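# Per-entry structural report
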Amino acid sequence: MSDAGPPDPSTTDVGRLVVRCPDQPGIVAVLSRLLADVGANITESQQHSSDPLGGTFTLRLEFVLPELAARRPQLEGALELLARQWGMTWRLTEAAHRPTVAVFVSRTDHVLQELVYRVRAGDLRAEITAVVSNHTDLEPVAKAAGIPFHHVPVTPETKADAEAQALELIGDVDLVVLARYMQIVSPGFCARFPERLINIHHSFLPAFVGANPYRAAHDRGVKLIGATAHYVTPELDAGPIIEQEVARVDHRATVEDMRRVGRYVERQVLAQAVTWHVEDRVIVEGPRTIVFA
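The sections below set out a description of the structure shown in this document. In this text the structure is predicted, and so the values were computed from the model without any measurement. Just so you know, the residues in each chain are numbered from 1, in the order the chain's sequence is written. Note on the predicted model: pLDDT of at least 70 is required for a residue's local features to be given, and 80 or more for side-chain atom pairs to be given and counted; whole-chain, interface and lining totals, by contrast, use all residues. The basis for the side-chain values is all heavy atoms of the structure; hydrogens and waters are excluded.

## A word on the packing of aromatic side chains
Two aromatic rings are characterised by how far apart their centres lie and by the angle between their planes. Ring pairs are drawn from Phe, Tyr and Trp, using the six-membered ring of Trp, whenever the two centres fall within 6.5 Å, and their geometry is named by plane angle: stacked under 30 degrees, edge-to-face over 60, tilted for the rest. Enumeration according to the criterion identifies three aromatic pairs in this entry. Where F104 meets F189, the ring centres are 5.7 Å apart and the plane angle is 85°; that geometry is what we call edge-to-face. You can see F104 sitting in strand β5 (residues 100-105) and its partner F189 sitting in helix α6 (residues 187-192), a full 85 residues away along the chain. No difference in accessibility class separates F104 from F189, as the two residues are buried. A network of ring pairs unites the aromatic residues F104, Y181, F189 and F193 as a single cluster. A run of DSSP states H or I qualifies as a helix once it reaches four residues; a run of E qualifies as a strand once it reaches two. Both are numbered from the N-terminal end. Classification of residues uses two cut-offs on accessible area relative to the type maximum, computed with a 1.4 Å probe and protein chains only: under 20% is buried, over 50% is exposed, and between them is partly exposed.

Here it is as structure tokens:
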């Protein structure tokens, strides 16, 4: 079990409500009235409309409601009534809840180390319950953090069985993170965790593919090193993008310099994407995302 960090009293009785519905006048008013009627105090509100004339309206609210856990059924019942009247879909979570996360890795440790650090520091309010790898290189990292490590070797002949074994090992976690896991997961894996499967990769795609993209980018004089975190779909590296970042290099940068910068950027981008996800700040809208950062 990973060190989940010190208790955070600021999350007590804090709720998060994400609502989506056809855009129309009065949505904010009725939701604000509903929360006021049950005694909740709204502390944060963010909204987005794809088109005020017939588009989709998305709203994320944070609020404080004394004895939230006990009063949740009352709030959910009121939301169900509104959902039928306004054509809403909604999600209600409690900030005190720590989502469970399984992390898949191969041989590089930088993004796993960043996630472990942020959980331990209390910056990422989640619990890493398993590290799964097709190699044994990062077993010491997981063990040092008190996280169960599962070595599941993968070959072209055993890929399907290995994936099934990995899925059985992690169980029904809230989120799966591919933290530089150098295997392509199957459509069945994606279907098991819809909008709950996050990947990180460098920004050279599709210009520089293959085993050594940093060498190819260096040889072409690339000046920007970046990373992309996205939800995983059956279409390779084409899922909705959550976060991206770049860092500049110049002509003096060696291939190893570029790899080092790439590791820094990947750590930041993936950790930020995972944090936004567990805080209910990411809403998938077709091939895109709405991120209430």
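The structure having been displayed, the exposition proceeds.
## Observations regarding the environment of V64
Turning to its location among the elements, V64 is positioned in strand β3 (residues 56-64). Taking relative accessible area as the criterion, V64 reaches 32% and is therefore assigned partly exposed. Should any heavy atoms of two residues lie within 4.5 Å, those residues are counted as being in contact. With near-sequence residues (within four places) excluded, V64 lies in contact with D13, V14, G39, A40, N41 and T43.

## Points about unusual backbone geometry
Look at D237: it is not a glycine, yet its phi comes out positive at around 55°. Structurally, D237 is set in the loop between β10 (224-231) and β11 (241-248). Look at D237 and you get partly exposed, because its relative accessible area is 33%.

## Quick word on the packing of helix α3 (residues 110-121) against helix α8 (residues 255-278)
Packed helix pairs are specified by the crossing angle of their axes together with the interaxial distance, meaning the distance between the axes. Orientation is described by lines fitted to C-alpha atoms, with helices fitted over the stretch in contact, and by angles between N-to-C directions that extend from 0 to 180 degrees. Remark: α3 packs on α8, axes separated minimally by 9 Å, with the N-to-C direction vectors making an angle of 45°. One element, α3, and the other, α8, form an angle in the oblique class. Along this stretch, α3 crosses α8, giving a crossing that reads as right-handed. Where α3 abuts α8, its residues H110, V111, E114, L115 and R118 lie against R263, E266, R267, Q268, L270, A271, Q272 and V274. Of the residues contributing to the contact of α3 with α8, the split by class is five nonpolar, three polar and five charged. Roughly parallel here means an angle under 35 degrees, roughly antiparallel means over 145, roughly perpendicular means 65 to 115, and every remaining angle is called oblique. Each helix crossing is assigned a hand: it is left-handed if the near helix lies turned anticlockwise from the far helix by less than a right angle, otherwise right-handed if that turn is clockwise. Any residue outside Ala, Val, Leu, Ile, Met, Phe, Trp, Tyr, Cys, Pro, Asp, Glu, Lys and Arg is labelled polar, Gly included; the first ten of those are nonpolar and the last four are charged.

## A closer look at the sheet that holds strand β6 (residues 127-133)
One open sheet accounts for seven strands, arranged β7-β6-β5-β8-β9-β10-β11; its pairing is mixed. Both outer strands of the open sheet, β7 (149-151) and β11, are each paired with one neighbouring strand and no more. Here the average twist between neighbouring strands, direction ignored, is 15°. In this description, strands pair whenever DSSP reports at least two bridges between them. Where β5 lies against strand β8 (residues 175-178), four bridges are found, and the strand directions are parallel. Its bridge partner being in β8, V103 is matched across the sheet by V177. In the packing of α8 onto the sheet, contacts are made with β8, β9 (197-202), β10 and β11, and the angle to β10 comes to roughly 30°.

## Describing the nonpolar core
It is characteristic of soluble globular proteins that their nonpolar side chains tend to be buried jointly. What we call a nonpolar core is a set of buried Ala, Val, Leu, Ile, Met, Phe, Trp, Tyr and Cys residues that are connected through their side-chain atoms within 4.5 Å. Membership of the largest hydrophobic core comes to 37 residues, with the highest contact counts inside it found for L115, L270 and V274. Top element by residues in this core is α8. It accounts for eight residues. With near-sequence residues (within four places) excluded, L270 lies in contact with V111, L115, V177, A179, I198, N199, I200 and A229. L31, L61, L68 and L75 belong to the second largest nonpolar core, which has 22 residues in total.

## Focus: the sheet that holds strand β1 (residues 14-22)
As summarised here, the arrangement of the four strands in space is β2-β3-β1-β4, forming an open sheet in which the pairing is antiparallel. Whereas interior strands pair on both sides, the edge strands pair on one side only; in this sheet they are β2 (41-49) and β4 (89-94). The sheet shows a mean angle of 10° between the axes of neighbouring strands, direction not considered. In the sheet, β1 pairs with β3 via nine bridges, with the strands oriented antiparallel. Across the sheet, the residue bridging to P22 is T56, located in β3.

## Structural notes on the pairing of β2
With eight bridges connecting them, β2 and β3 associate as antiparallel partners. Bridge assignment links H48 to a residue of β3, and that residue is T58. In this structure, the hairpin formed by β2 and β3 is closed by a connection of six residues, where G54 is found at a positive phi of approximately 95°.

## Structural notes on the pattern of salt bridges
Only one rule defines a salt bridge in this text: a Lys or Arg side-chain nitrogen within 4 Å of an Asp or Glu carboxyl oxygen. Per the stated rule, a full pass over the model turns up 24 salt bridges. Note that R60 and E44 form a salt bridge whose closest N and O atoms lie 3.3 Å from each other. In this pair, R60 is assigned in strand β3 and E44 in strand β2, connecting sequence segments 16 residues apart. By relative accessible area, which is 0% here, R60 ends up buried. We note a salt bridge from E266 to R180, for which the minimum N-O separation is 3.1 Å.

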